[in-house]
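Spelled out, the chains give:
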Amino acid sequence: MLHTSNLGFPRIGFHRELKKGLEKYWKAELTQQDLLEIAKTIRMTNWQLQHDLGIEVIPSNDFSFYDQILDTICMVGAVPSRYQVISKEFDLDVYFAMARGKQKDNVNIPAMEMTKWFNTNYHYIVPEIEPDSRFSFIYQKILADYLEAHKAGFQTRPVLIGPLTFLLLSKTTAPGFSPLEKLEELLPVYQSVLTELYKAGAEWIQIDEPILVKELSTQVKEAFQTAYQILCGIPNRPQLMLTSYFGSPGENTDLAFSLPVEGIHLDLVSEESSWDILDAIPLEGKILSLGIVNGHNIWRTDLEHVLEELKKHPSLSGDIYLAPSCSLIHVPLDINLEEHIAEPMKSWLSFAVQKLEEISALATVFNEGKKSSRFIKNQEALKSRSSFLSQHGSGIEQKAFLERNTERKHAFPKRKEVQQSLLNLPLFPTTTIGSFPQTKEIRRARSRFSKGELSREEYESFMKNEINNVIQIQEKIGLDVLVHGEFERNDMVQYFAEQLEGFIFTENGWVQSFGSRYVRPPILFGNVSRPHAMTTRWISYAQSLTSKPVKGMLTGPVTILQWSFVRDDQPRSLTCFQIADAINAEVLDLEKAGIHIIQIDEPALREGLPLKKDNWQAYLDWAVRAFHIAFAGVADETQIHTHMCYSEFNEIIASIAALDADVISIEAARSGMELLNVFSGFQYPNDIGPGIYDIHSPRIPSIAEMTALLEKAAQVIPPTQLWVNPDCGLKTRNWQEVTPALQNMVEAAKILRSNTK
Ligand code: GLN
Ligand code: ZN
């Protein structure tokens, strides 16, 4: 018998009620009571909807005001002491202060750190666990939400982040200490949670341990054993569905099945997963939940294929739960909210609501032997998509990209020579990362243009005026390599995706990025090509205004891939190569237009790393290849830059060097030049600009401060290789901060120059 279940539902609300409610609450335009009402309505709507869609196992505690890891931090009482000045008792204001920081009423406390959740673009709040952390069951939302659902007639399965994943994602400031050492102190809280939920009537708990899809040390494996022996050993508790996702547990499969839990959920659809795992598992009387619908992408599921697989695996007898591979918070809500996506394309797409319909339709076919109209429609949509792909989405071979000659004509030292004789840059050349402040007026002009309230002519003259200003400002500050400011760009991926063939866009396809921030990722549905030049006019215009070099600014192929929903019928590498090819056309056009410096940003390169280290090198190899395809064919004189906004390079530095960009700029100021450790052990061959201005903060760094950072850098990187730049683009800053900060930066470079002579 097949049952239907879900692991988590988007919490934004069909009309973005949560986002709007939060933002108003933060501005004190709503009372806390109003906000609680909004949240309750969203939960009720979601439970009712999932029930109506035929889902038997409906999650609770998947709702969150901000983030489920922050919820867990508060649940176990691991509130860092600096937030206790806000209120002794934990409340929603402490919760939001942890998420967003607080600068009011004489308190000035920064927010907790945020980082990406596994291989998604969702950000969670990083727990801080110290040797003296104490735990107790404080924030009882998991219980309250269960009871709320129960009262409304829904028997839900509460979602609980497991203790190992929680601790392994935590950070600490204590040297030599590992948060895992706190496991045994943490477990009593988990026991209380289970006991309380049991008393309230909960039959099952979904306990999420996605860390199981990574490689684990022996010590962690043992900790898993200990933890689950203790948790499962308590009398009178709900049954546990141990849930992993974003990959297969791989070598941890035996570990997972050896734990004394009642059920195991497996992701069968992620890139690294396969149904074969079902032949190898020691079932041990456990109930299986199968993630057969991709919760991390937006294509219709091939239900016929799933049916065949289900029948092929005779071990699948008894009660089986069908589920999405992971929580549905990583996909948009409902394709029916899209009015502008035309058929048949619309029928190919499956958002959260459609994914649950698919699960329902599958169970009906399997259990009752009849194909519902939903099932038939699904298969028709698939047929239409695959016939489109075979006509318009194929014919481009991986092999051709792998064999293409993408080498620069000469190695870096020779290139540097010819570039230098053309560009004539001073020692410690100064530049910025690309964007300048996106003022209200600029955003308004873009929005009025897209609504048709500004004519193309008016819009262009507005933008040209902005470019004019920013060129003058940069000249006055004395920067050596200028940029045009990126004023025409809404977003560094969307701007390019909108001009390339092969992408579509949603109007309401919001996906949570963090807190109240949602993004609408472009959808890459077919072959990618570049019908016309995308940036040359703006860049050439900027270059026409100055005798200093202006950098062309492009987003790299890996970043466009990472921040979009992409087709699943071919390897991601091939899709990435196609994007790279389109970017290459732009690079060559910029070169033809007389642009001598071209920056290809790859801020998402590192986050694309697979979850299992074993798969890292293969990924890095094709990511590097894609970058090479993007610059293939340029003359030695053309200087290729790239930019990355993170500093953890230790393990991937060889691949970063293999990119063979002439110049790379990297975040460094924010992380206190941590980056430089890498360079004492690795001789980076090309030019490099470690950021010396933390653009994430409104602070204006002094000349002395930036000089000191540069001197520190010059100790591990030869001065002839050093560039001077901020950590990242300046679009989120204002001019009052940017102008003096860049003036100081240029002064710092001058000091270094005169000291080096
Ligand atoms: N060129 C982009 C900018 O300056 C880079 C943004 C990024 O690294 N995320 O805005
Ligand atoms: Zn950046």
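Rules of the game
Throughout, a residue's number is its position along its own chain's written sequence, starting from 1. Each chain gets a letter, beginning with A, and each ligand a number, beginning with 1, in the order they are written. In keeping with the model being predicted, local features are shown solely for residues with a pLDDT of at least 70 and side-chain atom pairs are shown and tallied solely at 80 or more, while totals for entire chains, interfaces and linings include all residues. Hydrogens and waters are ignored; side-chain quantities use all the structure's heavy atoms. Here a helix means four or more residues in a row that DSSP labels H or I, a strand means two or more in a row labelled E, and each is numbered from the N terminus. Radius of gyration here is computed from C-alpha atoms only, and the compact-globule reference equals 2.2 Å multiplied by the residue count raised to the power 0.38. A 1.4 Å probe rolled over the protein chains alone gives each residue an accessible area, and that area as a share of the maximum for its type sets the label: buried under 20%, exposed over 50%, partly exposed in between. Any two residues whose heavy atoms approach within 4.5 Å are treated as being in contact. Using the Shrake-Rupley algorithm and a 1.4 Å probe, accessible areas are obtained, with residue cover drawn only from the displayed protein chains. The sign given to each residue is positive for Lys and Arg and negative for Asp and Glu; His and the chain ends receive no count. Positions of charges follow a simple convention, taking NZ of Lys, CZ of Arg, CG of Asp or CD of Glu. Throughout, near means a residue has at least one heavy atom within 4 Å of the molecule or strand. Within 3.5 Å is the distance limit for a polar contact, defined as a pair of N or O atoms, with the added protein rule that one can donate a hydrogen and the other accept it, and that residues adjacent in sequence qualify only through two side-chain atoms. Each residue is assigned to one of three groups, with Ala, Val, Leu, Ile, Met, Phe, Trp, Tyr, Cys and Pro labelled nonpolar, Asp, Glu, Lys and Arg labelled charged, and all others, Gly among them, labelled polar. This arc is built from the directions going out from the helix axis to the C-beta atoms. Two strands qualify as a pair provided DSSP detects at least 2 bridges between them. Only the stretch in contact is used when a helix axis is fitted, and all axes are lines through C-alpha atoms; the angle between N-to-C directions ranges over 0 to 180 degrees. Two rings from Phe, Tyr or Trp (for Trp, the six-membered ring) form a pair when their centres sit within 6.5 Å of each other. Planes less than 30 degrees apart are called stacked, planes more than 60 degrees apart edge-to-face, and all others tilted. Comment: the charge-over-ring label is applied if NZ (Lys) or CZ (Arg) is within 6 Å of the ring centre and within 35 degrees of the ring normal. Each metal's donors are the N, O and S atoms found within 2.8 Å of it, except that Na, K and Ca use a 3.2 Å limit; water is left out, so coordination can look incomplete. Any site counts as irregular unless it has four donors with all angles between 85 and 135 degrees, making it tetrahedral, or four or six donors with opposite ones more than 155 degrees apart and the rest between 65 and 115, making it square planar or octahedral. Note on handedness: a crossover is taken as right-handed if, strands pointing away from the viewer, the path from the first strand over the helix to the second is clockwise. Every definition here rests on a 1 Å grid over the protein atoms only: cavities are sets of points where a 1.4 Å probe fits but cannot get out, pockets are open sets enclosed by protein on both sides within 12 Å along at least five of seven lines, and lining residues have some atom within 4 Å of a point. Grid points are joined across faces, edges and corners, and a volume is the space filled by probe spheres set on the points.

## Here's the deal with the overall build of the chain
Item 1. Within the chain one finds 27 helices and 22 strands.
Item 2. By the compact-globule yardstick of 27 Å for 757 residues, the chain fits well, its C-alpha radius of gyration being 27 Å.
Item 3. For the chain, the spread of C-alpha atoms along the three principal axes comes to 75 × 60 × 55 Å.
Item 4. Every one of the 757 residues in the chain was classed for burial, and the buried ones make up 59%.
Item 5. Partitioning the intrachain contacts of the chain with sequence separation of at least 6 by distance along the chain shows that 78% fall at a separation of at least 24.
Item 6. Carbon and sulfur atoms provide 49% of the accessible area of the chain, an area that totals close to 30200 Å².
Item 7. Across the chain, 74 positive and 95 negative side-chain charges occur, with their mean positions spaced 5 Å apart.

## Focus: the site of ligand 1
Item 1. Taken together, 13 residues form the shell around ligand 1, and within it Ser435, Glu486, Asp601, His643 and Gly729 come nearest.
Item 2. Between Glu486 and ligand 1, the recorded distance is 2.9 Å, taken from a side-chain N or O atom to a nitrogen atom.
Item 3. In the model, an oxygen atom of ligand 1 is placed 3.1 Å from a nitrogen or oxygen of the His643 side chain.
Item 4. Coverage of ligand 1 by the protein chains reaches 93% of its 300 Å² of free accessible surface.
Item 5. Taken together, the residues of the shell around ligand 1 break down into six nonpolar, four polar and three charged.

## A word on helix H17 (residues 440-450)
Item 1. Looking only at H17, the buried set comprises Ile442, Ala445 and Arg446. The arc that holds the buried residues of H17, viewed along the axis, is 95°, so those residues lie on one side. H17 presents Lys440 and Arg444 as exposed residues on the side facing more than 90 degrees away from its buried surface.
Item 2. Against helix H18 (456-477) lie the buried residues of H17.

## Looking at the sheet that holds strand S21 (residues 663-666)
Item 1. Pairing in this open sheet of five strands is parallel, and the strands run S17-S19-S20-S21-S22 from one edge to the other. Strand pairing shows two members of the sheet lacking a second neighbour, strand S17 (551-555) and strand S22 (687-690), which therefore form its edges. This sheet shows a mean twist of 20° between the axes of neighbouring strands, independent of strand direction.
Item 2. By the bridge criterion, five bridges tie S17 to strand S19 (residues 597-601) in an arrangement that is parallel. By the bridge assignment, Thr555 is partnered in S19 with Asp601.
Item 3. Where helix H23 (residues 616-631) meets the sheet, it contacts S19 and strand S20 (639-644), and its direction lies at approximately 140° from that of S20.

## What about the side chain of Ser133?
Item 1. Looking at the secondary structure, you find Ser133 in the loop between strand S6 (123-125) and helix H5 (141-151).
Item 2. Here Ser133 falls in the buried class, since its relative accessible area comes to 11%.
Item 3. There is a polar contact of 2.8 Å between the side chain of Ser133 and the backbone nitrogen of Glu130.
Item 4. The residues contacting Ser133, other than those within four sequence positions of it, are Glu128, Lys182 and Glu185.

## A few points about the packing of aromatic side chains
For any pair of aromatic rings, the description rests on two quantities: the centre-to-centre distance and the angle between the ring planes.
Item 1. Counted according to the given criterion, the structure contains 25 aromatic pairs.
Item 2. Centre to centre, the rings of Tyr25 and Phe96 are 5.9 Å apart; their planes meet at 50°, and the pair counts as tilted. Here Tyr25, found in helix H1 (residues 17-26), pairs with Phe96, found in helix H4 (residues 92-100); they are 71 residues apart in sequence, far enough to count as distant. The same class applies to Tyr25 as to Phe96, namely buried.
Item 3. Site record: aromatic cluster; members linked through ring pairs are Tyr25, Trp26, Phe63, Phe65, Tyr66, Phe90, Tyr95, Phe96 and Tyr139.
Item 4. Directly above the aromatic system of Tyr541 lies the positively charged group of Lys464, at a separation of 5.1 Å from the ring centroid.

## Digging into the coordination of the zinc ion (ligand 2)
Each donor-metal-donor angle would ideally measure 109.5 degrees in four-coordinate tetrahedral geometry, or 90 or 180 degrees in six-coordinate octahedral geometry.
Item 1. Every protein donor of the zinc ion (ligand 2) is accounted for by His643 (NE2), Cys645 (SG) and Cys728 (SG), and the metal-donor separations fall at 2.0 to 2.4 Å.
Item 2. Taken together, the four donor atoms coordinating the zinc ion (ligand 2) span angles of 87 to 121° at the metal, a pattern that classifies the geometry as tetrahedral.
Item 3. Read in sequence order, the donor residues coordinating the zinc ion (ligand 2) give the pattern H-x1-C-x82-C. Of this pair, His643 sits in strand S20 while Cys728 is found in the loop between helix H26 (703-716) and helix H27 (735-756), placing the two residues 85 residues apart along the sequence.

## A look at the environment of Val107
Item 1. For Val107, the position within the fold is in strand S4 (residues 107-109).
Item 2. As a C-alpha pair, Val107 and Phe682 span 575 residues in sequence and 43 Å in three-dimensional space.

## A short note on the pairing of S19
Item 1. When you tally the buried positions in S19, you get five out of five residues, the bulk of the element.
Item 2. Residue alternation in S19 divides its side chains into two sets, Ile597, Gln599 and Asp601 and Ile598 and Ile600, and both sets are buried.
Item 3. Regarding topology, H23 serves as the crossover connection from S19 to the parallel S20, and that connection is right-handed.

## Focus: the pairing of S22
Item 1. Side chains Asp687 and Gly689 project from S22 onto one buried face, and the interleaved Ile688 and Pro690 project onto a second face that is buried too.
Item 2. As defined by bridge partners, S21 adjoins S22 across four bridges and the pair is classed as parallel. Looking at the pairing, Ser665 lines up with Gly689 of S22.
Item 3. Following the backbone out of S21, through helix H25 (residues 676-681) and into the adjacent parallel S22, one traces a crossover that is right-handed.

## Overview of the sheet that holds strand S13 (residues 501-504)
Item 1. An order of S13-S16-S18 is seen for the three strands of this open sheet, with the pairing classed as mixed. Unpaired on one side and paired on the other, S13 and strand S18 (565-566) mark the two borders of the sheet.
Item 2. Here strand S16 (residues 523-529) runs beside S18; their pairing, made up of two bridges, is parallel. Within S18, the residue paired with Leu524 across the bridge is Val566.
Item 3. Packing of helix H22 (residues 572-592) onto the sheet brings it into contact with S16 and S18, and relative to S16 it is tilted by some 55°.

## Concerning empty space enclosed by the protein
Item 1. A complete count under the given rule lists five cavities of 30 Å³ or more for this structure.
Item 2. Computed from the structure, the largest cavity encloses a volume of approximately 260 Å³.
Item 3. Around the largest cavity, the lining is made up of 24 residues, and of these Asn61, Asp62, Gln68, Val159 and Ile161 lie nearest the centre.
Item 4. Elements supplying a minimum of two residues to the lining of the largest cavity: helix H3 (68-75), H5, strand S7 (156-161) and strand S8 (204-208).
Item 5. When grouped by side-chain class, the residues that make up the lining of the largest cavity number 12 nonpolar, seven polar and five charged.

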